[in-house]
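Secondary and tertiary structure notes
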Amino acid sequence: MAKINIKIEGIPYEVEEGLTILEAAKKCGYEIPSLCTFNHGECNLGSCRVCLVEATGARGLVASCVYPVSEGMEVRISSPAAVEARRESVELLLSNHNKNCQQCEKNEYCELLHAAKLTGARDDAFAGTHSKTYVDRLAPGLVRDTSKCILCGRCVARCQNAHGMGILGFENRGFNTIVAPAENRSFADSPCIQCGQCVNVCPTGALMEHSEIQLVDDAMKSGKVMVVQAAPAVRAALGEEFGYPVGTPVTGKMIAALRRLGFNKVYDVNFGADLTIMEEGTELLGRIKNGGTLPMITSCSPGWVNYAEYNYGDLLPHLSTCKSPHEMQGAIIKSWWAKQKNLDPKDIFVVSVMPCVAKKFEKQREQLLFNGVPDVDAVITTRELARMIKRSGIIFNRLPDEEWDQDIMGDYSGAGVIFGVTGGVMEAALRTVYFKMTGREKDEIIFSEVRGHDAGIREASIDIDGTVVNVAIASGMKSAKVLLDEIRAGKSKYHFIEIMGCPGGCINGGGQPYVRSCFLPDEDDDIIDTYKEKRAQALYSEDERQTIRQSHNNPQIIELYEKYLTEPNSHKAHKLLHTSYAAREGFN
């Protein structure tokens, strides 16, 4: 890209053409106070006016987040006019803001508070009537509080960019403007897939996950047997909450923390992932051999399942009937595990630690009740787990590295680990499908054709002893829609499709730590562009360290089938590990 010459505070710099002033200043060593510390196109309105600077050739002050640099431009960040204007912009936002910071769960990561500190904003500099407040707590995954919204539009853009959906938009006009689903409906009354991507980009506490920490606390007090299980993507990101660089796996310390929080048993959901592969791989082979509905589509992402039920009810037979890994594992805990431990399933409380907000919706589905008992009782996000650890006084960095409980269940393969990355479910399934079709292990265990961290569509044709299996991978509903429309039109060439609700997969789930350059422990300027890759590599590295890397070789999975389920897709397996879906009326 061509280079141009500019000056910032009188110092000459050479920068890339096409950058905004904000971007150019960052590369030159300046942090202009702004609300764009996470900027992948989610906030391009310049509406908050927090990043105002003086620039030659412009009439008055300009919003540096949207104003491009040009040859010979001179930028003043610290001029009295710019400093005062930025301070007043923040003060105006604060004048209509619910400033209960000590109670806000976004407290450590509030960009408005960060901007207020940088600009020296004065409390109550502007006083007046506040806009009418709406608080939506009806949806199981998300909470919306307009008293904390600054109308930046980042959530609106993220929903559109990631999913091609317009769940959120600007309602009303002028002083009464709010961000909400159409007609200010609840998330529970809209086709929101509960993915939580809007929460990830919200600069304040206007959008948050629906916390279930109190639910866990109450269960702890009740005397129930507390069993916790953690998803693979959690270990790849939890460390960011405690000062570790992005992509640092903290598995052992996470296990130690969970034990100190009072859980009786600490298991890895990778066991459930291996179990999912056994059921899903067998289901796929059965459909191929018996003329079943193809392509078969994965069903472990609840955000994607929600999207399908809302928008593609006619294609639901294409979804695998398998429950997601943590639901499968929850079902085994409350059946086989409970029997082995001589416990009543009603006396067991299963908590799943997930990178996903939509799992909160998933665990309350009626289809996931067995004899009136839910497979999973509570879901807390990676962020919620970090809050629990911090409030307990645990110094995370000083914890020893401990191992998962592995009595009866808990052992896992490398295939289970990579479930947290887009393409990981596909690769894990192919490792087992290859063995099932040929009777031997693949010489090269890695299926590099299905790997990649960016949202979009990837496809591959896998030759398994002369049988070609066509596969595709998509993450984010904007990409998934392309594949779904092909199926609907009868033009799909695929046998198997993996779809993840969040762009990049679970590593970028709506419950993961916030990615903000001003809050990240790793100060690399490019970190916000590579965080998904770094988190993914943490999981791929763990896969490589495993002695067993295929789900069908997990000895505890083999024992589970021999002693309890008999074989994959058996009657008992279907009863415990499979589910059904239904089109959502009024949305298809």
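Residues numbered from 1 in each chain as written. Predicted model: local features only at pLDDT ≥ 70, side-chain atom pairs only at ≥ 80, totals over all residues. Heavy atoms only, no water.

Some remarks on the packing of helix 6 (residues 213-222) against helix 13 (residues 382-391)
Orientation of helix 6 relative to helix 13, taken along the N-to-C sense of each, is 55°, at an axis distance of 11 Å. For the element pair helix 6 / helix 13, the angle class is oblique. Across the interface between the two elements, Ile213, Val216 and Asp217 from helix 6 touch Glu384, Arg387, Met388 and Arg391 from helix 13. Partitioning the contact of helix 6 with helix 13 into residue classes produces three nonpolar, no polar and four charged. (Axes fitted to C-alpha atoms, helices over the stretch in contact; angles between N-to-C directions. Helix = DSSP H or I, 4+ residues; strand = E, 2+ residues; numbered from the N terminus. Parallel < 35°, antiparallel > 145°, perpendicular 65-115°, else oblique. Contact = heavy atoms within 4.5 Å. Nonpolar A, V, L, I, M, F, W, Y, C, P; charged D, E, K, R; others polar.)

Describing empty space enclosed by the protein
Applying the stated criterion across every chain yields a total of six cavities of 30 Å³ or more. Taken as a whole, the largest cavity holds about 260 Å³ of empty space. Around the largest cavity sit 25 residues that line it, and Cys300, Met354, Pro355, Lys359 and Cys506 are the ones nearest its centre. Breaking the lining of the largest cavity down by element, the ones donating at least two residues are helix 7 (232-235), helix 10 (302-311), helix 11 (325-340) and helix 12 (358-362). Residue composition of the lining of the largest cavity, grouped by class: 17 nonpolar, seven polar and one charged. (1 Å grid on protein atoms, 1.4 Å probe; cavity = no way out; pocket = protein on both sides within 12 Å on 5 of 7 lines; lining within 4 Å. Points joined across faces, edges and corners; volume = space filled by probe spheres on them.)

Here's the deal with the pattern of salt bridges
Summed over all chains, the structure comprises 41 salt bridges. One salt bridge in this structure joins Glu91 and Arg87, with 3.8 Å as the shortest N-O distance. Of the two residues, Glu91 and Arg87 are both situated in helix 2 (residues 80-95); the distance of four residues between them amounts to about one turn of the helix. Close ionic contact of Arg260 with Glu402 constitutes a salt bridge, the shortest N to O distance being 3.0 Å. Taken together, the positions of Arg260 in helix 8 (residues 251-260) and Glu402 in the loop between helix 13 and helix 14 (414-417) put the pair 142 residues apart, joining distant regions of the chain. By sharing partners, the salt bridges in this structure join Glu427, Arg431, Arg451, Asp543 and Arg549 into a single network. (Salt bridge = Lys/Arg side-chain N within 4 Å of Asp/Glu carboxyl O.)

Some words on the pairing of strand 18 (residues 456-464)
Only one face of strand 18 is covered, namely the one carrying Gly456, Arg458, Ala460, Ile462 and Ile464; the face carrying Ile457, Glu459, Ser461 and Asp463 has none of its residues buried. Taken together, the nine bridges between strand 18 and strand 19 (residues 467-475) define a ladder with antiparallel strand orientation. The residue of strand 19 that forms the bridge with Asp463 is Val468. Between strand 18 and strand 19, which pair antiparallel in sequence order, lie two residues; one of them, Asp465, sits at a positive phi of approximately 50°. (Buried < 20%, exposed > 50% of the residue type's maximum accessible area, 1.4 Å probe, protein only. Pairing = 2+ DSSP bridges.)

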